Amino acid sequence: LKAIPDPKEVVNVPGFDGNGAVIPTKISNAGKIIGYIGGAIPHASTYSYDMDARGFIIDSDGTGFVDLLRSDQQSNWPFDINNDEVIVGAFLPKGNYTTYYLPAYAYIFDEQSGFKDIHPSNAFYSIAQHITNSGIILGEYGVSASSGSIACIFAGGSVIKLIDSPDFSETEVQCANDEIAIISGLNGTIYTFYKYTFASSLLTKLFSMSGYAKFLAINNAGLAVGYSEE
């Protein structure tokens, strides 16, 4: 790997006081950056050192800052933005939490329509992680504080399970492009990976492997990148 040269531009995010970190999560084709300042991650332990995270949007030239944290939220994490600049993520409502894990709530946001809670009514937590350019929203939810994640599509106030099998303790959307998503299912220490095709709703098994594995991104040609720890 070659050394990364000095960046052409450094974007200063308003509100960052040097505590914690600024975590960028995505940049749109139009140059909109989304991310959050400091804080734990959704569904983290309540024993985390800091449960506060402030989501934001900012242009790549450092202008156009938008604070995504609402007055009734303790934390806000944006995770994806599509070509229409629609954002999906998760938020933590303000409150006193006694469960070991925090109950994140999935949301969708755009500057024209505003903020919308898309948390399923039967879920303890939900996280919207991906949105395609056609508006398909993918992520995960859990029915209790300690239950495993369930990979899903968020649709009209409800969810569509992407893998409906008792064989897996948890399922996860690994990555997605405009045509397919890569989904994983965990059984013990064995990960099984599937391709989910949006147009046909067809789930196709790809392969299984032992040890932790993660796909981080996939392009529109269907080439995915990731890593494994066998």
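Cut-offs applied
- Residues numbered from 1 in each chain as written.
- Predicted model: local features only at pLDDT ≥ 70, side-chain atom pairs only at ≥ 80, totals over all residues.
- Heavy atoms only, no water.
- Helix = DSSP H or I, 4+ residues; strand = E, 2+ residues; numbered from the N terminus.
- Rg over C-alpha atoms; globule rule 2.2 N^0.38 Å.
- Buried < 20%, exposed > 50% of the residue type's maximum accessible area, 1.4 Å probe, protein only.
- Contact = heavy atoms within 4.5 Å.
- Phe/Tyr/Trp six-rings, centres within 6.5 Å; stacked < 30°, edge-to-face > 60°.
- Polar contact = N/O pair within 3.5 Å; in protein donor to acceptor, adjacent residues only side chain to side chain.
- Salt bridge = Lys/Arg side-chain N within 4 Å of Asp/Glu carboxyl O.

A. View of the overall build of the chain. Per the secondary structure count, the chain includes 0 helices and 18 strands. The C-alpha atoms of the chain give 18 Å as radius of gyration, which agrees with the globular expectation for 230 residues (17 Å, within 12%). By its C-alpha atoms, the chain is 45 × 45 × 35 Å across when sized along the principal axes. Buried positions account for 46% of the 230 residues belonging to the chain. Long-range contacts, defined here as pairs at least 24 residues apart, represent 33% of the contacts in the chain between residues at least 6 apart.

B. Structural context of the packing of aromatic side chains. Across all of its chains, the model carries 13 aromatic pairs by this definition. The interplanar angle of 25° and the centroid separation of 6.3 Å between the aromatic rings of phenylalanine 56 and phenylalanine 65 together place this pair among those described as stacked. Note on phenylalanine 193 and phenylalanine 215: the rings are 5.3 Å apart at their centroids and 85° apart in plane angle, and the pair reads as edge-to-face. Of this pair, phenylalanine 193 sits in strand E15 (residues 190-197) while phenylalanine 215 sits in strand E17 (residues 212-218), placing them 22 residues apart in sequence.

C. Expanded view of the environment of tyrosine 97. Within the secondary structure, tyrosine 97 sits in the loop between strand E6 (87-93) and strand E7 (105-110). Tyrosine 97 sits in the partly exposed class, given a relative accessible area of 24%.

D. Region of the structure containing the side chain of asparagine 177. Within the element layout of this structure, asparagine 177 appears in the loop between strand E13 (170-176) and strand E14 (180-187). According to the relative accessible area criterion, asparagine 177 is buried, its value standing at 6%. There is a polar contact of 2.7 Å between the side chain of asparagine 177 and the backbone nitrogen of isoleucine 180. Setting aside chain neighbours within four positions, we find asparagine 177 in contact with Thr132, Phe198, Ile218, Asn219, Asn220 and Gly222.

E. Quick look at the pattern of salt bridges. The final tally for this structure, using the stated rule, is 6 salt bridges. Note that aspartate 80 and lysine 26 form a salt bridge whose closest N and O atoms lie 2.5 Å from each other. Of this pair, aspartate 80 sits in strand E5 (residues 73-81) while lysine 26 sits in strand E1 (residues 22-27); the two residues are 54 residues apart in sequence, bridging distant segments of the chain. We classify aspartate 80 as buried; its relative accessible area is 5%. Between glutamate 111 and lysine 32 there is a salt bridge whose closest N-O contact spans 3.9 Å. Here glutamate 111, found in the loop between E7 and strand E8 (114-117), pairs with lysine 32, found in strand E2 (residues 32-37); they are 79 residues apart in sequence, far enough to count as distant.

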